[in-house]
Amino acid sequence: MSVLPLSKAVSSLSDRLSQLFDHSQTAGILQLVEEVSLPPLMSWLAAQQQFPKIYWQGRDRYEEVAGVGSCLDLQFAEAVDDEKLLQFYQQQRSLPRTADVRFYGGVAFDRRLESWPEFGRARFLVPRIELRRCEDKGLLIVNLNLSAQPLSEQISSAQEALAALQAAQPLPPPIKTDVQTRVDIPDFARWSELVTEVTSPNFNRDTPKVVLSRQTKLQVAQTPDPWTVLACWQGRNPTSFQFGFQFSPERSFISCTPERLYRRQLNELVTEALAGTTVRGLTEEEDEQLAQQLLDDHKNSHENQFVGTHIESELRPLSAQVFADEPLKIFKLNHIQHLHRVIKARLRTEVSDFQLLQALHPTPAVGGFPKASALQYIASHEGYTRGWYAGACGFLSSQLSEFAVAIRSALLEPGCINLYAGAGILTGSDPVLEWQELENKLATIMSILVDF
Ligand SMILES: C=C(O[C@H]1C=CC=C(C(=O)O)[C@@H]1O)C(=O)O
Ligand SMILES: [Mg+2]
């Protein structure tokens, strides 16, 4: 295949669609692909006027995806139907291996509870049009859902979507947001009460770890463009995952998170325990000292251990082998550093992504331990709806699936930016220091939005 500029590849795909009327495939997703020389994907996405818009860049930076429109959109607004989800997971794994059909989306933090409008408790879609960069190769992909409509109708919709594509425009320089008010839920007084309760011996005996979190609501004169904000965030923390979902012009959820839930390539699984936090030093020497103190600190190691132990025990029944002997390391971000331990497993062949999501999410890095009582406490005490904050976001395909944990994230709405941060609360947690940890976790996004 010769590599075409995007505009030429779009016409070429449109021509191929016109000649497709007698295609033999009658059900499932039919995928047409052109190799292409890609524009910067975030700039391209910002210029598009079709919704939904999605963006994904994995932490390893092997691949980057921007998608618009949808040919299949599975929404679970009122309740997550486990049967339907399971069916859908099994369908996607049995698709022919020649097509790399991906479902992008997410599952809310606690899918038993009401979630945000448009996002729902879970939502996965196959974009109508995808631009994918895999290593140095660029692809323009069009997806047709032959199970939803006859081929001719899918072809017309796809050609309309191709015709409506806009050329990429350079992103404008970020404008500092004019914040009118800031409200924290819970506020510091309530936070202190909650931390005190969770660390009390009585509570702690049954539920030794709860990850408490806070919603910071910024009332703004003008909501910034999510893709411009995400592009800046990506520049500050390039070794994190970056993703965004904008199902309609009104609402978008963006995240620049360091935390991997899992990556599955056929039966090989990589996951991790990322928990325990300190700040970055101003000099290299101070930075290393802080890292060493973090590794030596009892509360922080314990905080990380809850996550690792839980993941291992959840993975064991699903795996032929679990490799959990990697050393505890440091994961450095722009303003903070975390304790980090990689865990790998060879999955049993019949294990689906549905089972993996159920088993691994939410980990004690965002929920707590034991899971059930920590989730119960969060639901009845935090005072706001987490929605997709700390949810599992990513993509599924038959051969490869990857999910990140949606922390370090923001929900942008008309006139309002909601920021989220949580901290693992356990014996040894101090309300003031944990509150400061929340501030440290917001430092990067705050510096992009507000500070100079
Ligand atoms: C829940 C969050 O962070 C988790 C991940 C890394 C470190 C954490 C901690 O040290 O408390 C948290 O468990 C968040 O950033 O909102
Ligand atoms: Mg912590």
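Just so you know, these numbers come straight off a predicted model, no measurement behind them. (Residues numbered from 1 in each chain as written. Chains lettered and ligands numbered in written order. Predicted model: local features only at pLDDT ≥ 70, side-chain atom pairs only at ≥ 80, totals over all residues. Heavy atoms only, no water.)

Draft legend 1. Summary view of the coordination of the magnesium ion (ligand 2). With distances of 2.2 to 2.3 Å, the protein atoms coordinating the magnesium ion (ligand 2) are Glu303 (OE) and Glu437 (OE). Of the two residues, glutamate 303 sits in helix H9 (residues 298-315) while glutamate 437 sits in helix H12 (residues 431-449), which places them 134 residues apart along the sequence. Summarising the burial analysis for this pair, glutamate 303 and glutamate 437 share the class buried. (Donors = N, O, S within 2.8 Å, 3.2 Å for Na, K, Ca; no water. Helix = DSSP H or I, 4+ residues; strand = E, 2+ residues; numbered from the N terminus. Buried < 20%, exposed > 50% of the residue type's maximum accessible area, 1.4 Å probe, protein only.)

Draft legend 2. Local environment of the site of ligand 1. Ligand 1 sits among 19 residues. The nearest are Thr277, Ala365, Tyr389, Arg408 and Gly422. Side-chain polar atom of glutamate 437 to an oxygen atom of ligand 1: 2.9 Å apart, as the coordinates give it. Lysine 441 is positioned such that a nitrogen or oxygen atom in its side chain is 3.1 Å from an oxygen atom of ligand 1. Here ligand 1 has 390 Å² of accessible area as a free molecule, and 100% of this is covered by the chains. (Near = heavy atom within 4 Å. Polar contact = N/O pair within 3.5 Å; in protein donor to acceptor, adjacent residues only side chain to side chain. Areas by Shrake-Rupley, 256 points an atom, 1.4 Å probe, with all protein chains shown as cover.)

Draft legend 3. Geometry of the UniProt feature "domain: Chorismate-utilising enzyme C-terminal" (unreviewed entry) in the chain. If you check UniProt for "domain: Chorismate-utilising enzyme C-terminal" (unreviewed entry), the listed places come out as residues 189-441 in our numbering. Secondary structure content for residues 189-441 is 35% helix and 37% strand, and the end C-alpha separation is 19 Å. (UniProt positions renumbered as here; feature names shortened; annotations may be inferred.)

Draft legend 4. Summary view of the domain arrangement of the chain. With domains assigned, the chain is organised as domain 1 (4-163) and domain 2 (179-449). When each unit is reduced to the centre of its C-alpha atoms, the spacing between domain 1 and domain 2 is 27 Å. Opposite the 50 residues of domain 1 that make contact, domain 2 presents 63 residues. The junction of domain 1 with domain 2 conceals about 4,900 Å² of combined surface from both sides, 61% of it contributed by carbon and sulfur atoms. Taken together, domain 1 and domain 2 are joined by four salt bridges. Glutamate 118 serves as the salt-bridge partner of arginine 251, at 2.9 Å between the closest nitrogen and oxygen. At the level of secondary structure, the elements contributing two or more residues to the side of domain 1 that touches domain 2 comprise helix H2 (41-47), strand E3 (53-57), helix H3 (82-93), strand E6 (103-107) and strand E7 (122-126). Counting residues per element, the side of domain 1 that touches domain 2 draws most heavily on H3, which supplies seven residues. Grouping the constituent residues of the side of domain 1 that touches domain 2 by class yields 26 nonpolar, seven polar and 17 charged. (Domains from an automatic or database assignment. Contact = heavy atoms within 4.5 Å. Buried area = accessible area lost by both parts, 1.4 Å probe. Salt bridge = Lys/Arg side-chain N within 4 Å of Asp/Glu carboxyl O. Nonpolar A, V, L, I, M, F, W, Y, C, P; charged D, E, K, R; others polar.)

Draft legend 5. Highlighting the nonpolar core. Membership of the largest hydrophobic core comes to 124 residues, with the highest contact counts inside it found for Leu140, Leu144, Leu212, Phe245, Phe253, Trp388 and Leu419. Looking at this core, you find at least three residues from each of domain 1 (4-163) and domain 2 (179-449). What leucine 144 contacts, discounting residues up to four positions off in sequence, is Leu17, Leu20, Gly28, Ile29, Leu30, Cys71, Arg128, Leu151, Gln154, Ile155 and Ala158. (Core = buried A, V, L, I, M, F, W, Y, C linked by side-chain atoms within 4.5 Å.)

Draft legend 6. Here's a closer look at the UniProt feature "binding site: Mg(2+)" (unreviewed entry) in the chain. In the numbering used here, UniProt assigns the feature "binding site: Mg(2+)" (unreviewed entry) to Glu303 and Glu437. On the basis of their most widely separated C-alpha atoms, the annotated residues across 135 residues gather in one place, lying no more than 13.7 Å apart. Beyond its immediate stretch of four places on either side in the chain, glutamate 303 contacts Lys209, Ala275, Gly276, Gly424, Leu426 and Glu437. When sequence neighbours within four positions are dropped, the list of residues in contact with glutamate 437 reads Thr277, Lys299, Glu303 and Ala423.

Draft legend 7. Spotlight on the side chain of threonine 216. Examined against the element boundaries, threonine 216 turns out to sit in strand E11 (residues 209-220). Exposure remark for threonine 216: the relative accessible area of 0% places this residue in the buried category. One polar contact links threonine 216 to aspartate 184, side chain to side chain, over a distance of 2.8 Å. Excluding residues within four positions of it along the chain, threonine 216 makes contact with Arg182, Val183, Asp184, Ile417, Asn418, Leu419, Leu442 and Met446.

Draft legend 8. Broad picture of the packing of helix H7 (residues 226-236) against H12. At a minimum axis separation of 10 Å, H7 and H12 run at an interaxial angle of 130°. Taken together, the axes of H7 and H12 lie oblique to each other. Once H7 is placed against H12, the crossing between them reads as right-handed. Of the residues in H12, those touching H7 at Val229, Cys232, Trp233 and Arg236 are Thr444, Ile445, Ser447, Ile448 and Leu449. For the contact of H7 with H12, the per-class residue count stands at six nonpolar, two polar and one charged. (Axes fitted to C-alpha atoms, helices over the stretch in contact; angles between N-to-C directions. Parallel < 35°, antiparallel > 145°, perpendicular 65-115°, else oblique. Left-handed = near helix turned anticlockwise from the far one by under 90°.)

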